[in-house]
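# A look at the structure
The residues making up each chain are set out below.
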Amino acid sequence: ELRARHLGARNARDQAESLFEELLDGLEGANLKRTERYAQALAGYGSLARSVGEYEKARQMYLRALEVREAFYEQPDHPLVSELQTQLGATALLDGKLDQAEQYLTQAYALLRERLGERSHQLTAGLEQLALVKALRGDRRAALEMLTTCFEIEQTLLNENLVVGS
């Protein structure tokens, strides 16, 4: 039974990969290779690869999506660019590549902070992952400071939402 479930999961993954490849081919054929839609398809394929532990494939898909988004938006500080940097950092973290993870997550955090300010749910998501990198490297103080910052941001956002909602 376990073997059958494993084969079923592998078959589902293979079907999903096939669909992503078909989608990418269709977008390329329609001359939509430099669009946000193409970047979304690449990022989706990257997420699929990451979810099954294919970290190098995920990294390649995210890097291609990053290149498309940077060209499409013509601004390296666009929030969707930093989203991909966060995905690249998360992938590197899962793959045990802490230097890469820290590099991408730090870049994403800096871009989001500059673009969105000090208070954003997007900001805390990347900062939590960066805190994990710091903790894995043994820098518990930095990790704790980052997590405290996340808590403070989320608390402020919650309080603002409660005031607006009343």
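See the structure printed just above.
As the structure is a computational prediction, the values presented were derived from the model and not from experiment.

One finds Leu 24, Tyr 38, Leu 42, Tyr 62, Ala 65 and Leu 84 to be the most contacted residues of the largest nonpolar core, which totals 21 residues. Where this core is concerned, the elements lending two or more residues are helix 1 (2–29), helix 2 (36–51), helix 3 (55–73) and helix 4 (79–94). Per-element tally for this core: the top contributor is helix 2, with eight residues. If you look at the next biggest cluster of nonpolar residues, it comprises 17 residues, including Leu 93, Leu 130, Val 133 and Cys 150.

Attention shifts here to the environment of Asp 77. Relative to the helices and strands, Asp 77 is located in the loop between helix 3 and helix 4. For the pair formed by Asp 77 and Asn 31, sequence separation is 46 residues and the distance between their alpha carbons is 26 Å. In contact with Asp 77, other than residues within four places in its own chain, are Leu 111, Glu 114 and Arg 115.

Since the α-helix packs 3.6 residues into each turn, any two residues three or four apart lie on the same face. Compared with the 27 Å implied by 1.5 Å per residue over 19 residues, the 26 Å span of helix 3 between its first and last C-alpha is a close match. When helix 3 is considered as a whole, its buried residues turn out to be Ala 58, Met 61, Tyr 62, Ala 65, Leu 66, Val 68 and Arg 69. At its buried positions, helix 3 is contacted by helix 2 and helix 4. At the exit of helix 3 stands Glu 74, carrying a positive phi of roughly 55°.

What counts, and where the lines are drawn
Residues numbered from 1 in each chain as written. Predicted model: local features only at pLDDT ≥ 70, side-chain atom pairs only at ≥ 80, totals over all residues. Heavy atoms only, no water. Core = buried A, V, L, I, M, F, W, Y, C linked by side-chain atoms within 4.5 Å. Buried < 20%, exposed > 50% of the residue type's maximum accessible area, 1.4 Å probe, protein only. Helix = DSSP H or I, 4+ residues; strand = E, 2+ residues; numbered from the N terminus. Contact = heavy atoms within 4.5 Å. Expected span 1.5 Å × (residues − 1).

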